[in-house]
Structure formats: C-alpha cells, structure tokens
Amino acid sequence: MRNLLCILFCCCFFTTKGQNTIGLPEVINYSKQIYNAGSQNWEIRQGPNGLIYFGNNEGLLSFDGTFWKNYPLPNKTIVRSIEIAPDNKIYVGGQNEFGYFFPGKGGNLEYHSLVSLIPEKYRAFDDVWNVCYYKGSLFFRSNGMIFQLTNEKITVYPTKSEWRYITICNGKLFAEDREHGTLLFQDGNWVQVFRNSLLPYHALISSIISLDNDHLLITTIRNGFFLCDKEMNLTCMATPDISYLSAFNIYKAIKLNDGNIAIATSMGGCFILSPHGNIIQKLTLAEGLQNNNLRSIFQDKDKNLWLGLENGIDFVAYDNAIKHIYPGVLNMGSGYSAITYKNYIYLATSNGLYRFRMDDSRDISFDKNEIEKVLHSEGEAWNLSIVNGQLFMGHHTGAYTIDGDKAILFDNTIGFWTFQPLSQQSPADTMIAGNYLGLAFYKREGDRFLNKGIFLKFESARFVVIENDHTIWVAHPYKGIFRIHINADGSTTVKTILKNEGLPTLNNNYIFRIRNKIVLATQDGMFEYDKSNDRFVPSQFLNGKIKARNISYLKEDPDGNIWFVHGKQVSVLDISDDSSRVIDFPELNSRMVNGFENIYPIDKNNILIGSEKGFYHVDFEKYKQTKKTLDIQIREAATISGNDSLLFAGYGKPGIITLPYRRNSLRLEFSAIFYGQQANIEYSYYLKGFDNNWSAWSSKPEKDYTNLPPGDYEFKVKARTNLGNESAISSYSFVIDPPWYLSLAAKVIYFLLVVIGTYLLVQLQKRKFLAQQKKYEESQKHLTYLHQLENDKNEKEIVKLKNEKLETEIEHKNFELATSAMHLLQKKEMMDKLRDDLNGMLRNIDNEETVKKGKNLLKALGEDNKLDDSWNHFEMHFDKVHTDFIVKIKQKYPALTAGELKLCAYVRLNLSSKEIARLLNISVRGVETTRYRLRKKLGLAKEGNLFEFLLQEQFD
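None of these values were measured; they are calculated from a predicted model.

What about the sheet that holds strand 3 (residues 41-46)?
Within a beta sheet, neighbouring strands are joined by backbone hydrogen bonds and run either parallel or antiparallel to one another.
Stage number 1. As summarised here, the arrangement of the 4 strands in space is 3-4-5-6, forming an open sheet in which the pairing is antiparallel. Looking along the sheet, the strands with just one partner apiece sit at the ends: strand 3 and strand 6 (68-71). In this sheet, adjacent strand axes meet at a mean angle of 20° when their direction is disregarded.
Stage number 2. Pairing between strand 5 (residues 59-63) and strand 6: 4 bridges, direction antiparallel. Bridge pairing in strand 6 places phenylalanine 63 opposite tryptophan 68.

Observations concerning the sheet that holds strand 47 (residues 510-514)
Stage number 1. The strand order 47-48-49-50 describes an open sheet built from 4 strands, whose pairing is antiparallel. Since the sheet does not close on itself, it has two edges, and those belong to strand 47 and strand 50 (535-538), each with one partner. With direction set aside, neighbouring strand axes in the sheet form an average angle of 35°.

Remarks on helix 9 (residues 885-892)
Stage number 1. Among the residues of helix 9, Phe885, Ile886 and Ile889 are the ones counted as buried. Each buried residue of helix 9 lies within a common arc of 90° when the element is viewed along its axis, so the set occupies one face.

Re the pattern of salt bridges
Stage number 1. Under the defined criterion, the tally for this structure stands at 29 salt bridges.
Stage number 2. For glutamate 83, the salt bridge identified is with arginine 45, shortest N-O distance 3.6 Å. A residue pair is termed long-range when its members are at least 10 positions apart, and glutamate 83 in strand 7 (residues 81-84) and arginine 45 in strand 3 qualify at 38 residues.
Stage number 3. Overall, the relative accessible area of 18% leaves arginine 45 in the buried class.
Stage number 4. One salt bridge connects lysine 622 with aspartate 319, and the closest N-O pair in it is separated by 3.2 Å. Separated by 303 residues along the polypeptide, lysine 622 in helix 5 (residues 620-624) and aspartate 319 in the loop between strand 29 (312-316) and strand 30 (322-325) bring together distant segments of the chain.
Stage number 5. What emerges from the salt-bridge pattern is a single network uniting Glu43, Arg45, Glu83 and Lys252.

Digging into empty space enclosed by the protein
Stage number 1. Tallied over the entire structure, the rule returns 1 cavity of 30 Å³ or more.
Stage number 2. Its volume calculated, the largest cavity comes out at about 70 Å³.
Stage number 3. For the largest cavity, the full set of lining residues is Asn320, Tyr623, Thr626, Phe674, Gln677, Asn680, Thr721, Asn722, Leu723 and Asn725.
Stage number 4. By residue class, the composition of the lining of the largest cavity is 3 nonpolar, 7 polar and no charged.

Some words on the side chain of serine 206
Stage number 1. Topologically, serine 206 is positioned in strand 19 (residues 205-210).
Stage number 2. Judged by its relative accessible area of 7%, serine 206 falls in the buried class.
Stage number 3. At 2.7 Å, the side chain of serine 206 and the side chain of threonine 219 are in polar contact.
Stage number 4. When residues no more than four places from it in sequence are discounted, the contact partners of serine 206 are Tyr165, Thr219, Thr220, Ile221, Ile250, Tyr251 and Lys252.

Focus: a nonpolar patch on the surface
Stage number 1. On the surface, Leu744, Val748, Phe751, Leu752, Val755, Ile756, Tyr759 and Leu760 cluster together to form a nonpolar patch covering roughly 850 Å² of accessible area.
Stage number 2. Here leucine 760 is to be found in helix 6 (residues 744-843).
Stage number 3. Using a relative accessible area of 51% as the deciding quantity, one classes leucine 760 as exposed.

Brief notes about the packing of aromatic side chains
Stage number 1. Under the counting rule described, the total for this entry stands at 67 aromatic pairs.
Stage number 2. Measuring from centroid to centroid gives 5.7 Å for tyrosine 686 and tryptophan 694, while their planes differ by 35°, and the two rings are tilted.
Stage number 3. Look at tyrosine 686 and you get buried, because its relative accessible area is 18%.
Stage number 4. Through pairs of rings, three or more aromatic residues link up here, namely Tyr30, Tyr35, Phe54, Phe63, Trp68, Trp306, Phe315 and Tyr675.

The rules behind these values
- Residues numbered from 1 in each chain as written.
- Predicted model: local features only at pLDDT ≥ 70, side-chain atom pairs only at ≥ 80, totals over all residues.
- Heavy atoms only, no water.
- Pairing = 2+ DSSP bridges.
- Helix = DSSP H or I, 4+ residues; strand = E, 2+ residues; numbered from the N terminus.
- Axes fitted to C-alpha atoms, helices over the stretch in contact; angles between N-to-C directions.
- Buried < 20%, exposed > 50% of the residue type's maximum accessible area, 1.4 Å probe, protein only.
- Arc of directions from axis to C-beta.
- Salt bridge = Lys/Arg side-chain N within 4 Å of Asp/Glu carboxyl O.
- 1 Å grid on protein atoms, 1.4 Å probe; cavity = no way out; pocket = protein on both sides within 12 Å on 5 of 7 lines; lining within 4 Å.
- Points joined across faces, edges and corners; volume = space filled by probe spheres on them.
- Nonpolar A, V, L, I, M, F, W, Y, C, P; charged D, E, K, R; others polar.
- Polar contact = N/O pair within 3.5 Å; in protein donor to acceptor, adjacent residues only side chain to side chain.
- Contact = heavy atoms within 4.5 Å.
- Patch = residues over 30% accessible without salt bridge, like charges linked within 9 Å, V, L, I, M, F, W, Y side chains within 5 Å.
- Areas by Shrake-Rupley, 256 points an atom, 1.4 Å probe, with all protein chains shown as cover.
- Phe/Tyr/Trp six-rings, centres within 6.5 Å; stacked < 30°, edge-to-face > 60°.

Next comes the structure, spelled out in structure tokens:
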C-alpha cells in the first residue's frame, strides 16, 4: 500500500513540471539480494575489460552482465570512490583506507593498501570520497586531507576547514574547499580559480562537467547551475526546469554521449537535460526505478546508464532501439491494438482507449505530448480499425466510433473484435464486423454505417480476412476455419473447412492476408489458399524463409517485411536487404498478451507491439544497425572433482595450469559484455583435445567437463547476438597430468620391473627345466615299475574274469536244472493224478481185457514216476538258484512243515494259489488255509504281503 501511494504521489507531482517522453528506456532492477552485497552504491566505473565496478557498502562490486562478484576491503569498510588508472589498477577509497585492486595469481583481484606510504602523523583520516587520476598521479580526497600518490610517494594536502569535492574537467584538476572556495591544482599548489564568485558560501558543488570547448557546467546540490567561461567567469544558468530540479538535491551530473546531461538527485530520481537546461526525460520510481534516491550515475561505452541507488542498482538501456510506452495510470493496462489517425496515435488497452499527438519526430518514442484517456472507453478495448476514413473501436461492451477524444457507442448488441470493409472500393458500401458470436453486416448511408439487422451467427469471429466482395474467411483457434460466401440474393452460406481440404489439424489455426494471399498459420507451418484446387497448400515462400512453428500471428509492414509471433517470441522476416533474414527480438520474449498479440508497423523507425503492460516501441532501422562489438571473457575456471577449487578468477591473462589427474573435472564460466541484452546472447564452445567440433549455440554461460583423460587442452568460446554479430574467440588452456600409475617415473619403474621380472623369469625357467628333467627321469622309472605292476594286475584280472565267467555259467546251468526239476515235479504230479484217475475208471469197467490193459498202463505210469526226481532234488536246485532260501528259512523258522516249506518256495516263485494247489495236490481253499497258518508262524501282520516278505533281504 505504501509503494502504491508513493507511485501515485510521483505521478501527480511530476505532471506539474515537465512532460516525460512517450517512450521510456527499459529499466533493469538489481536489488541487493541479486548482487549479494550492501545496499548503497557510491561510485561507478567501467574497466578496459568492459566490466562495471561499483563502490559498495561492503566492498568493490563487479558485474560482467552475468555474474556478480564482491571484493571487500581488509577492514570491511565502505568503498566510497573508484578510479581506474592507465595501468589498469582499480584504485578505491574507503574509511581510513585507500589502495588498489589488481589481478594476482590465478586471476583473482587482490587488494594492496597504500596507507603505509602516508606519513605517520596523517594516517588517521575519515572516508575517502573521491579518487582522481591526474597527470601520472592519484589524488584521494577525504574531508580533512587530499593525498597525492606519485611514484609510490604520498604528498598530503591538509585543510583547516573541509575538502568538499575534487574532480577533473577539460584536463584540469578542481577541488572545493569550504573556506577558500573552488581551487585549481597548478604546479603542486592549490590556487583560487574563479575571477568572480557567484557561488554562495554554503553552496556544495556536486559536479563540474564540460559543456563545450568554451564552457564548464557547475552543478550544486541545492543552489542551481552555473556556467564558467574560458576566463573562469561564472554566470548563473537559470531555466524553469533547473529551478524545478534544484528542489530534489542534485547529487551528481554527467555529460552523455549525445551531448545531453544526466542528473542524479537524492529525492527525485534521474533527469535527462538538454545543454540548454530543459528536461528531456525523467526516470523515477513511477518509470521503473527501485527508488528515487541516487548516489551515483555513470554512462558505459555502449551508452547505457547505470544508477547507484540508496538501495540497489538500476540499469537503463538509454540508447536502446526498444522503448516502453505506458498508457494509463500505474501502467497496468495490457496493450491490444494501436493505430494512427488524424495525426494521433491511438492505443487500445485493457483499461480503455488512449491517444497522444504525433510530432514530426523520426522516432515517436521521443515525443513529449501528453497521453490522454479517450472518454467513454473504459474497459477492454480490443481493436482499432479505419473504414471509409472513420475510426472504429471494438470493445467488450460493443462497437464504437471515435471522434477526437470521445468514444461514441453505435452498437451495443455484443462485444466486437474487428471491422473491415467488404470491398476494396472507396468508400465501401458494406462493413463487416467480427464479434463474440459471428459476423455483423453494416450498410453505408452517407458518411455513416448503420446496422440493418443482418447478422450471421456461428462462432466468435476475431480473425477475419476479406478475400473479395463475396468471400469472407474466419478462423477460430479451437473450432476450425470457416468460409462465408455471400450469394447474389444477399444470403450467406457458411462452410467449415475440413482436414481433407489441406488443414493439418482443426485446432490452432490463424488466418491472415500476407503478400495479397490468404495465409493460414498453423502449428505445422504456413499454408496458402489455392483457389484453383479449392484447398490449402504449404506456402513455399513463407516456409522456406521462416523455420519457426506454432505461429499465432502474422503482420506485413509497409516495406514488405513480415512480422510474426511464434510461441512467446517476436520475430520479423526482413526482406529489405538483397538477402532476406529472420531477426529475433529476445527482449520481447514472454512480454505479449498470449492470444491477443498485436504488431502495428507505422514505418521502419516506429513499430508498436502490444505487451502485458502497455506497448513496446521498436525503432527497427536503428535496431538493425546496432553492431556493438562483443567482448567475451572467461570469467571463472574451477575444478569440480571432490571439493571445488578455483583455478582462474577472471582477471588478467590466464596462464596455462597443470592439474593432477584426480582433478580432471572442470567448470568454466564465461560472459559476453553486453549489458541489458543478455537475452540476445548465445554461446558456442569447443574444447580442443576433447571435442570434435564447436557446440550448438546456447544461452547457457557455463560448461562442465567431467572425467577428462590426460592431455593438453584449450577451451575456446565465442558469442553472438540475435543480429548475427559474433565475438572474437576467448580461450583458456590447461593440462591434465596422467595418473600416478601412468607418469614418467611410473613408466621407468615399470620398465625396470619388466627387466628384473624377465631375468627372474629366465632363471626360474632354467630351474624349472632342470627340475622337470629330473622329475621326468624319476617318472620314467616309476612308469616302468607301474607298467610291470599293471601287467601283473591284468593277468590277475584275466584269471578273475575267467573264474567269474565259469561261476556265471555254473549258476546258469543250476538255474536250468532247477527249472527242469520244477517241470519234472510238475510232471510227476500230473502222472500221479493221471494214475489216480485211471484207477478210478478201471474200477467201473467190467471188461477184463480193458482192465488188464489199464493195469499195464498204470504199471508203466508207476515206472515212469520212479524215473522223476524227488522233492529233495528240486529243493537242492531251488536253493542254488535262490541262494539257499529253503536252508535259511528252515534255520530261521524251524517249526515250518515240509508242506509249508514247499508253499514258501512256490510263493517265492510268485505262483498263483491255483498253481500251488495243483503242485500240492490240495484245493485252492487248502492253499489259503496253509497260507494263513504260514503267516502266523512267520509273524506276518494281517495287512502284510507274503510274497514281499519272502523276498526280503534276510532270505536272499
């Protein structure tokens, strides 16, 4: 709230005296939080390397356009004064201290105090407010003494009153003593200079500057301006503006390159005066300064102004081709449209419509006419158009005509975007107005257009292009392209253009008339309407010249140049030269109102561009001719392996430094000295010995290299502006030693180790060979012995194999015998059964002959049965096959009967109960009964398997 009241006060106060210029230079604010030093800045100088130095409350502050650095004095006092001598030493004055800064080892500014050269009795002094270089000597002014340094010897000029000022002007050294007035240094003495003194006794001189070869201008803090001629006669320089300025405490004045005078005040900001004492321009809190209390002012070699403030630093692009125009209170209105009409420039903003009268200036930004509000225009004024010599304003509340400083509503149906004559004839009979809902048609009656109620409602029509008397194009960024055809009977037909008619997409399309063609700007490039094929085709000319995409605005100026907006950037296709080129304006990046971009070219010196706050004025011709020399410098080199270590601090000429391998990662910072236009700078770099080529252009002012291999390197960097101005190459060389294991000493050690190792290896091989030879002889003897043993073993193995073969054959035969015995046993049982059956048959036969033959047959059967072996024979062969199974089971279970033993043998053979029953001459049930008794004797559980039990290992 307090800042707002201050701004309102300044706005009201300064309107009472001196109208400011229409265009204001761009102001960049640097607060103490940005430069990270003290608040007050007392003196400003520029070194031969282009760097700007500030005398700051916390030391000597330097700025290269990118990086700020602060160098405090040893006693941590305020740096009140600065002077850079021809030997490039930066002399400074502080509190009870003065000396100089000069690059030391590693390019760091090192301070060297000169207090020790002062005679002992004069070493107690207060602040040194001024430092001047004059004819090989340095003069340091404190309130009580002036110190002259010549060839490392200091001469002291004390005063009984007060030294209040010292300066150099026109090759002369002036000083002001409170008691004796203004003095001139001549042949080692201070003599009074003015023949007559109009200066009041209490007047404090703030500056003495040269107006021309014949006159000096003397400014005082509160007592006005005075002129001094060649004879050193004083006259008072009195103008209403000078009287007005004196109330603000004139702290300092400097002469600018253009001959004007810049005044720094401690209460009213900065003023630019003509040599005749008239205010040309003022820069205050209302115009963008951080505050109105100036402590110092300086103009650099590029004509920029630097203001040291009570709290902060301000940069003023005084000679820049781009200025800011702020219509409206508090500069809060966004700029939407601009137009020239009847020697006035009208500016449509979000706060309403404003205008100012044009002078005959080549550059209208220097006009000093008042910007006035157009009555009844409050609110969003979207567009300004001239139809039939009449100015129309498209407004949120409706359509207006403009009559001087008044806006007159003539259609309040809806908000309006644009107005265009339907035909090229003059005067046009029909006017088309694009509004929030579509198109309105107005008919001319006399010198006015009247709404006849003809309204075409379809979509918001902000982008409207008239192709001819019966064809209108409308673009909606999110709903597509529409073509309106006006039929012979006055009716209209609306057609939506589809993707198959040449549109890359239905979104983000904007339509314009460029080079007398219907041009569609899209996110994929630009397209022209091909009437013969009734479709849009890629524009060969525009796409060939303009490589940018996402273009949302196109405007052709009177010289045929094509201005365009892509993304948030402003550029122009300049075809004024033989070879066309695209020029970017980085200063305007992200400054426009997105979606409401507007560029109004008046002529080559006056281009108005709408922005988020007012308008920007571009002197395009001056902008193109800006060919400032770029000076790029290596500002810092540091290793980033482990703990950061500074190698080069940016001052002086860097030497070649050798780094150990463990510090093989570096960060290099660089900056082009181009104050206020860092957005225009791009850098390209190349590390010789590592990179294969120059890098792509980038705005980043630093580069990191990590894990560089051993070798010699040279880092090269160059800069360029958006206009193509390229700097010379700046370089920094360094060497990275190989790691210890690749050093020369290590290689010598490696060589000696290889020689010694080779010798030891040869000796070892000899010993090894002798040992192997001896071992071989012993092994041969051992092999002979083993061979003999092997032969003996083989003979034994042969005998063993023969024995095993015999045993196998015996077992096989035994198996065959056992099988045969089994068959014989079965045969015997069969014979017994056959004999029993035959006996039974014979008992029932009465025929004796038959009975006789039967008995003979029984006899023969009995004899045959006697021939079969007995069970004992079977048992013997069975045990051979089954490894004494019956013997073992008898031993383990002696209670088993012969029948049960037979059952065990038959079960071991895995015979079925039926087969066993036939062999035992019992029934199957008898076999089961026998099995049951056998299981009990064997102690076999009910669920146990008898066959598996008899196959157990104990019976094998």
